[in-house]
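# Observations on the three-dimensional arrangement
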Amino acid sequence: MATPAEKTGTINPGDNLSFAKEQRGFKVVKFAVPWSDGATLHDLSCAMRGGGEDELFLNQPHSLNIIRRGNTVLTTTETGGAIKTLMARKGLQKFFDFSLDFFSEKESGKAAGKFSKWSDMLKCRRVIWDPVVKSLTEGNSVILYKLVKANGENCQVSYVKELDAWIVASKNVGLAARNRADLDGYRSSDRFGFALLMAEAWFDIVDRIEKNGLIDQLKESLDQHALIGEYVGNKNHQHLVRYTKIDIVFYAVVNKYSEENCLPPRDGYALLDKFGLSKVGFEEVGMFDSAKNLQNAVTKVFNRIAAAPINEEEEGSVLYIVERTADDKQRMLSLSKLKTLEYRLLRKLREKLKSHLDAVSSGRNSNKYNQFTRESQDLIGEHDLPKPLEYYFTVAKIAFDYASKNVENVDYIRERYIDFLEDVLKSQKEVEDIDFKSVAVLEGASTVAINQDKNKQEHAVSAKLGPSSKNNKKKGKGKKDFGDDDSSSKEIFVFVPITLPGCGKTTTLTALQKVLKSTDVSFQTISSDAIRLQLMNEIQRKQPHLDRDSLFHKTTKTSRTEFTRGIERMFQAATSSTEDKSVIFLDKNHPPNAIPGVMRDLQKACPRSLKLRTIAVVPEIQPFSMLGKRADIRFPFALSTLIQCCLRVKARRNHETLNGEEGSAKFAQVVFMFYSMFRDTELDEVSLENNGFDHTLYLPFTQVTDNTFMSDDMFNLIQKILRNSPNGRPYEDMDDFDQLVAFL
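Residues numbered from 1 in each chain as written. Predicted model: local features only at pLDDT ≥ 70, side-chain atom pairs only at ≥ 80, totals over all residues. Heavy atoms only, no water.

For the rest of this paragraph, the subject is unusual backbone geometry. With a phi angle near 50°, D164 is a residue other than glycine that sits in the positive phi range. The topology assignment puts D164 in the loop between β7 (153-160) and β8 (165-169). In the Ramachandran plot, D328 falls in the positive-phi region, its phi being about 70° despite a non-glycine side chain. Structurally, the position occupied by D328 is in the loop between β13 (316-324) and β14 (330-339). (Helix = DSSP H or I, 4+ residues; strand = E, 2+ residues; numbered from the N terminus.)

The biggest cluster of nonpolar side chains holds 137 residues, and the ones touching the most others in it are F98, W166, L175, W202, Y320 and L349. Counting 62 residues, the second-largest nonpolar core is a separate cluster that includes V649, A668, L683 and L722. (Core = buried A, V, L, I, M, F, W, Y, C linked by side-chain atoms within 4.5 Å. Buried < 20%, exposed > 50% of the residue type's maximum accessible area, 1.4 Å probe, protein only.)

Before going further, it helps to spend a moment on the pattern of salt bridges. It is possible for side chains bearing opposite charge to pair when their charged atoms get close. Applying the stated criterion to the full structure yields 30 salt bridges. In this structure, the salt-bridge partner of R266 is D267, at a minimum N-O distance of 3.3 Å. The class for R266 is partly exposed, based on a relative accessible area of 37%. Judged by its relative accessible area of 31%, D267 is partly exposed. Among the ionic pairs, E682 bridges to R634, the shortest N-O distance being 3.3 Å. Residue E682 is found in the loop between α24 (666-676) and α25 (685-690), and its partner R634 is found in strand β20 (residues 632-635); the two are separated by 48 residues along the sequence. (Salt bridge = Lys/Arg side-chain N within 4 Å of Asp/Glu carboxyl O.)

The subject of this paragraph is the packing of helix α26 (residues 712-723) against helix α27 (residues 734-743). One can describe the packing of α26 onto α27 by two numbers: an axis separation of 10 Å at closest approach and a directional angle of 145°. Of the two elements, α26 crosses α27, and the hand of that crossing is left-handed. On the side of α26, the interface is formed by D713, M714, L717, I718, K720 and I721, while α27 contributes D736, F737, Q739, L740 and F743. (Axes fitted to C-alpha atoms, helices over the stretch in contact; angles between N-to-C directions. Left-handed = near helix turned anticlockwise from the far one by under 90°. Contact = heavy atoms within 4.5 Å.)

For the rest of this paragraph, the subject is the sheet that holds strand β1 (residues 26-32). Within the open sheet, the 4 strands sit side by side as β1-β2-β3-β4. Their pairing is antiparallel. Strand pairing shows two members of the sheet lacking a second neighbour, β1 and β4 (83-90), which therefore form its edges. For this sheet, the mean angle separating the axes of adjacent strands, direction not counted, is 25°. Bridge analysis of strand β2 (residues 39-46) against strand β3 (residues 71-77) gives 5 bridges, and the strand direction is antiparallel. By the bridge assignment for β3, T40 is matched with T75. In this fold helix α2 (residues 13-22) packs onto β1, β2, β3 and β4, with an angle of close to 120° to the strand it touches most, β1. (Pairing = 2+ DSSP bridges.)

Quick look at helix α9 (residues 291-307) now. Here α9 spans 24 Å end to end across 17 residues, near enough to the 24 Å set by a 1.5 Å rise per residue. Regarding α9, the residues found buried are L294, Q295, A297, V298, T299, V301, F302, N303, I305, A306 and A307. (Expected span 1.5 Å × (residues − 1).)

When two helices pack together, their arrangement is given by the angle between the helix axes and by the axis-to-axis distance. At a minimum axis distance of 10 Å, the contact between helix α12 (residues 368-380) and helix α13 (residues 389-405) shows a crossing angle of 155°. In terms of orientation, α12 and α13 fall into the roughly antiparallel class. You can see that α12 and α13 cross each other, and the crossing is right-handed. Residue-level inspection shows K368, Y369, F372, T373, S376, Q377 and I380 of α12 in contact with α13, the latter providing L389, Y392, F393, A396, K397 and F400. For the contact of α12 with α13, the class distribution of residues is 8 nonpolar, 3 polar and 2 charged. (Parallel < 35°, antiparallel > 145°, perpendicular 65-115°, else oblique. Nonpolar A, V, L, I, M, F, W, Y, C, P; charged D, E, K, R; others polar.)

As a further point, take the pairing of strand β16 (residues 521-527). Buried residues dominate β16, accounting for 5 of its 7 residues. For β16 and strand β17 (residues 581-587), the ladder comprises 7 bridges, and the chain directions are parallel. The residue of β17 that forms the bridge with Q524 is I584.

Just distances and angles here, no functional claims.
Right, dumping it as C-alpha cells:
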C-alpha cells in the first residue's frame, strides 16, 4: 500500500527520518506506542537551542521544510516484517522575527539592527521577504494577514487512520492515543508531561465534536492535516498572558504531506470553523500589488504591535503573507513573528531572574539586574513602550529583591511567572506610586501663534518676569522669587512647558528673549522638534524609501538621547558663562508623565557650581469635566483650549514634525492624544511643587471661553473621543477625527 507521500510525490516521511538521523544538529527520539505492538513514534527535532537553532536553519535553509517546529514519524511493522512509514504530525516551518532591516538597500558588512552581521540579516530576508517580492514581480497580488500570537505552550493535533488514533504533541514530543485510557501508558515517562496535559484537553474537545456528529469528518481531515495551536489556561503553566480556562487555541492548519508551509488563513480557518474549534483572532490588513505599498503597511503594523501592551496584543502577532493569483488561488509565501516590546522585556526579565537565582543559590555574585537594564535599552531601539522604561526597571528591581530573599521559590518563578509578577506588584507599595500612564508616542511641537494672543502673552511674560516685577510673583511655600539670590553662586533657571501642541511656546520663547535682552542674563534654548527633524533627514538620506511616519518612529530614542545631551551641553555652557544668571528654555511639550524624567535629567545635568531653579510654564487653568464610564473625567484645560490648539496646528505648513496637512486629520489625533494625557491631572502650584518645580508661571496661551461655540454634535463627538482615548496612545478611529476636522 502506497503512502500519501508516494501518491503525491511531495514529502516522504522516511526521507525526513533519515535526514534527522544523519545530519549534524538534528536528533531523533523514538518511543514504542504502549498499546500497539510494532508501532513506534519518532520525534524529529533540532538539537540546537536559541541563537544556535536560528543559525543552523539560516545556514541550511533547505532543512526548514524537512525539520519543522514539530515532527513525528510513525513506523509500523506489517505482516512479513515490512516497515511502513507515515507522517504522524507536522508543524510549521521554523519562523523568525520580522525586521524592518529587510527593507534596507544598503548592503555592507556592518551590523544591521537586531542582527550581529549584515550577512545574517540577508539570510533571514531571503526566507521571509524575498519570496514575497518575487511573487509580486511575477504579477501576482499578495494578502497580508495579522494573527494574534497566543502565549501558551505549542500544541499540535493530528490523526492516523492506520492506528485509529489521535496524535497529540507538544513541539518536540508526540503521543498516539485512541482514548483517555491509552494515556496511562505514557505517564511513567517524564517526556510526556505537556503532551499528556494537551491530550486531556483534546479529548474534552473530541467529546464535544462527537456530540455534534462531526467526529468522522474531523478524523478524515486530520489524517491528511495537522492542527497547530497553543495550550493555554493551566494555572500552573501560565507565561505572560493570563487565560481563564484550559483550552487549545488554534491558528494554523498544515498538510502533512505537502511542501507548503501551511494552508492560507482563508482555508485553514474554514476548517477550524467547521468543527467549532477555538482560534486566535486575525485581521486581514489588505491586498497589495506592489512591494512599496506592502512595505508601508507592514511598517505600520510593526510599529503598532511593538508599542502595544500585552493585554491588547498578547505576545504579539504572526504575519502571514499569502500569494493570490488572478484565478483566486492562494498559497503561503511567508510567516514571521512580531512581538510586543512589553512581552519581550518581561520575558527577558524572567530569563535574568532564573540566572540570578542560579547564581545566588550557589553562592556566586549576580549582576543580572544591570544586564537586564542594559540589554533592555538595546532591545527597545527606536520604538516606544506602553509605559516608561523606568517603570519596567522599577518592576525588575522589586522582582530581583524578592527573588534574592526567596531563593527557595525558584519553581514558582519558572512555572508560574505571571502569578509571581502579580504577587510582587501587589505586595510592593513602590509600584503603587508609579504613574502608569504611557510615555507619549509622539512628541510635541512649537507653534504658529495667533496674532490676537501674541501681545497679550508677551505682556504677561514681561509682567511676571520683568526686572521690576519681583513682587508680582506669588511665593510658594519656602520658595524664592525668580531672580532672588541668597548667595554669590551662579544660578540657572530652566523653563519647562507643560503644554499641548499648538499652545504657543514659540510666542512665549520670543517674549522671554525680549524680556531678558536688556538684562545680564545668558539665554539658551533647545527644540526637540528641530532635533527630531535633523535626525529624520539623516535617516531619509540613507533610506529614501521610508515615509514620514516611519522616520518619526525610527528616531524616537535617538531624539530623546540627543535632547538630553543638548541639555547637558547647555549646563556646561552656563558654567563657563561670565553671567551670574542663566536661563534655559526647553522648547518641548511635557505631558504629566514626562515630568519625572525631565526633572531627573535636569538634576543629573546640573553641576554643583550651579544652583538650579525650575519653572513650570502652564496654560491658564480652567478645568473641564465630563461623565466617564465609571466616574467623572476631569481635564485641567478648557475644551476651547483644545480646539484652539487644533486650529493652530491645522494652519501649520512648515513645522518640523506636526503640520495640518491638507486632507489629513493626523494633527487632530496628536493634539487630542496630548490633551487626554492630562486626564485627572492637577496643575495647581502645590501639585507642581510636589513634582519638584520651584516656580509656576501661568500664561494666557489661548482665549479661554465656554463651550457654547460648539454644536451639540461636535461637543458629543469630542466627549466620545476623550472618553475612549487610551492612556498615552492615539485614539485610533480616524473617521471620528475626519468628522471633527469637518466641524473645525
